[in-house]
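Residue-level listing of the chains:
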Amino acid sequence: MLNFLPHPVTGTLSLLLYIANTLFWFVPIMLLALLKLPPITRWQSWMTYLLDACAVAWISVNNFTTRLFTRIHWQVSGLEKLSRKDWYLVLANHQSWADILVLQNVFNRKIPFIKFFLKKELIYVPFLGLCWWALDFPFMKRYSKAFLQRNPHLHGKDIETTRNACRKFAFKPAAIMNFVEGTRYTPQKHQQQQSPYTNLLKPKAGGAAFVLGAMGEQLHKILDITICYPKGTPSFWDYISGKVRDITVQINIIPITPELLGDYNDSQYRERFQQWINQLWQRKDQQLQELKPGVKR
């Protein structure tokens, strides 16, 4: 609607609306978070529904801002069989901070409000950190192999943290997001990793396996998401300023079979699950290759 404006103007107006929208919803979210503190299960469940309703409204306004200031041609496949009553583990490739806005745009009101696993340090982000805490986003502190060798008493602590975080999703449908690569794709990172994939970094199986191990059979399905920007990976600013014209999102629903469940500390299960993730990533790499401009379908 207002996509005729110059990109700097569009980006500035979009950013101001995103900030204003966040500040507006910050107040009710914080109030509900305080009301949720009494350890009464049913009461906390009601508050969680209200908090997620605020988050859905927050995202809806952001999506309206996107429609107002941009002219994106969306090609989305696989939405037909999704439900807000299911529990999902969402796996996706990661190229840009814009990926989060893309996922929220595509899945808002289609599945339960998406919760991301976040680094513990992100809780200190002004306003957003407290909102993420209030909305039960799991904050993780991961330990390196070298650190665990020096501090063996912390071995398995990350699994315990994941399990405790996932308990909050037991009484209400949830969609738990995991960027399997662990970081955004860049050509430099791709070269440093010597990744065997053309368009992806190496997948890290631990995060997804921890969620599956913690939630067990409570999860219903895995959503395998492939995000493609046919005309090049945009920055967050590119996205909100209207420079992005085409976005393709392909959704593949994968049933969670007993073979995908297990204890990640078990070497046989860990090897089997890593092989499954590698095969998933091989197919995703082929999808991205086929979606590039000029490639025959």
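Use the structure listed above.
Below, the structure is looked at part by part. (Residues numbered from 1 in each chain as written. Predicted model: local features only at pLDDT ≥ 70, side-chain atom pairs only at ≥ 80, totals over all residues. Heavy atoms only, no water.)

1. Examining the overall build of the chain
Working step 1: The helix and strand tally for the chain stands at ten helices and eight strands.
Working step 2: Evaluated residue by residue, the chain yields a buried proportion of 48% over its 297 residues.
Working step 3: By sequence separation, contacts in the chain at least 24 residues apart represent 75% of the contacts at least 6 residues apart.
Working step 4: For the chain, the exposed area adds up to about 15,600 Å²; of that, 59% sits on carbon and sulfur atoms. (Helix = DSSP H or I, 4+ residues; strand = E, 2+ residues; numbered from the N terminus. Buried < 20%, exposed > 50% of the residue type's maximum accessible area, 1.4 Å probe, protein only. Contact = heavy atoms within 4.5 Å. Areas by Shrake-Rupley, 256 points an atom, 1.4 Å probe, with all protein chains shown as cover.)

2. Quick notes on the side chain of aspartate 136
Working step 1: The residue aspartate 136 is located in the loop between α4 (128-134) and β5 (139-140) in this model.
Working step 2: When neighbours within four sequence positions are excluded, aspartate 136 is seen to be in contact with Lys36, Thr48, Lys115, Lys168 and Phe169.

3. Let's talk about a nonpolar patch on the surface
Working step 1: Residues Leu15, Ile19, Leu23, Trp97, Phe127, Phe236 and Trp237 make up a contiguous nonpolar surface patch of about 630 Å² in total accessible area.
Working step 2: Elements supplying a minimum of two residues to the nonpolar patch: α1 (7-35) and α9 (236-240).
Working step 3: If you tally residues by element for the nonpolar patch, the top one is α1, at three residues.
Working step 4: Its place among the elements puts phenylalanine 127 in the loop between β4 (118-119) and α4. (Patch = residues over 30% accessible without salt bridge, like charges linked within 9 Å, V, L, I, M, F, W, Y side chains within 5 Å. Salt bridge = Lys/Arg side-chain N within 4 Å of Asp/Glu carboxyl O.)

4. Some words on the nonpolar core
Working step 1: By size, the foremost hydrophobic cluster in this structure holds 50 residues, and its most contacted members are Ile29, Phe107, Ile111, Leu223, Ile225 and Tyr239.
Working step 2: Of all the elements, helix α2 (residues 41-69) adds the most residues to this core, at eight residues.
Working step 3: Membership of the second largest hydrophobic core comes to 32 residues, among which are Ala174, Val211, Met215 and Ile222. (Core = buried A, V, L, I, M, F, W, Y, C linked by side-chain atoms within 4.5 Å.)

5. Quick notes on the sheet that holds strand β3 (residues 114-116)
Working step 1: Sheet architecture is open: six strands sit in the order β1-β8-β7-β2-β6-β3, paired in mixed fashion. Looking at strand neighbours, the two that pair on one side only are β1 (73-77) and β3, the edges of this open sheet. On average, adjacent strands in this sheet sit at an angle of 25° to one another, irrespective of strand direction.
Working step 2: Where strand β7 (residues 221-228) meets strand β8 (residues 246-255), eight bridges bridge the pair, whose relative direction is antiparallel. Paired with cysteine 228 across the bridge in β8 is threonine 248. (Pairing = 2+ DSSP bridges. Axes fitted to C-alpha atoms, helices over the stretch in contact; angles between N-to-C directions.)

6. What about the packing of aromatic side chains?
Working step 1: Inspection of the entire model under this criterion finds ten aromatic pairs.
Working step 2: Ring geometry for phenylalanine 113 and phenylalanine 137: centres 5.9 Å apart, planes at 55°, overall tilted. Within this pair, whereas phenylalanine 113 is found in the loop between α3 (98-107) and β3, its partner phenylalanine 137 is found in the loop between α4 and β5, the two being separated by 24 residues in sequence.
Working step 3: The buried category is assigned to phenylalanine 113, whose relative accessible area is 10%.
Working step 4: For phenylalanine 137, a relative accessible area of 7% corresponds to the buried category.
Working step 5: Between phenylalanine 116 and phenylalanine 137 the ring centres are 6.2 Å apart and the planes differ by 25°, which places this aromatic pair in the stacked class. Linking phenylalanine 116 in strand β3 with phenylalanine 137 in the loop between α4 and β5, this pair joins segments that are 21 residues apart in sequence.
Working step 6: Among the aromatic residues, ring-to-ring pairing joins Phe113, Phe116, Trp132, Phe137 and Phe179 into one connected group.
Working step 7: Taking the ring centre of tyrosine 49 as reference, the NZ or CZ of lysine 172 above it sits at 5.0 Å.
Working step 8: In this structure, arginine 270 packs its charged tip against the face of tyrosine 264, placed 5.9 Å from the ring centre. (Phe/Tyr/Trp six-rings, centres within 6.5 Å; stacked < 30°, edge-to-face > 60°. Lys NZ or Arg CZ within 6 Å of the ring centre and 35° of its normal.)

7. Let's talk about α1
Working step 1: For α1, built from 29 residues, the straight-helix expectation of 42 Å at 1.5 Å per residue is met to within 8% by its first-to-last C-alpha distance of 42 Å.
Working step 2: Those residues of α1 that sit buried are Thr10, Gly11, Ser14, Tyr18, Asn21, Thr22, Trp25, Phe26, Ile29, Met30, Leu32 and Ala33.
Working step 3: Tucked inside the fold, the buried residues of α1 contact α2, α3, α4 and α9. (Expected span 1.5 Å × (residues − 1).)

8. Brief notes about the packing of α1 against α2
Working step 1: Two numbers describe how α1 lies on α2: the axes approach to 10 Å, and their chain directions differ by 175°. When the axis of α1 is compared with that of α2, the two are roughly antiparallel.
Working step 2: Its residues assigned to classes, the contact of α1 with α2 shows 19 nonpolar, seven polar and no charged. (Parallel < 35°, antiparallel > 145°, perpendicular 65-115°, else oblique. Nonpolar A, V, L, I, M, F, W, Y, C, P; charged D, E, K, R; others polar.)

9. A few points about the environment of glutamate 217
Working step 1: Examined against the element boundaries, glutamate 217 turns out to sit in the loop between α8 (206-215) and β7.
Working step 2: You can call glutamate 217 exposed: its relative accessible area is 73%.
Working step 3: Each C-alpha atom of the pair glutamate 217 and isoleucine 256 lies 8.0 Å from the other, and the pair is 39 residues apart in sequence.

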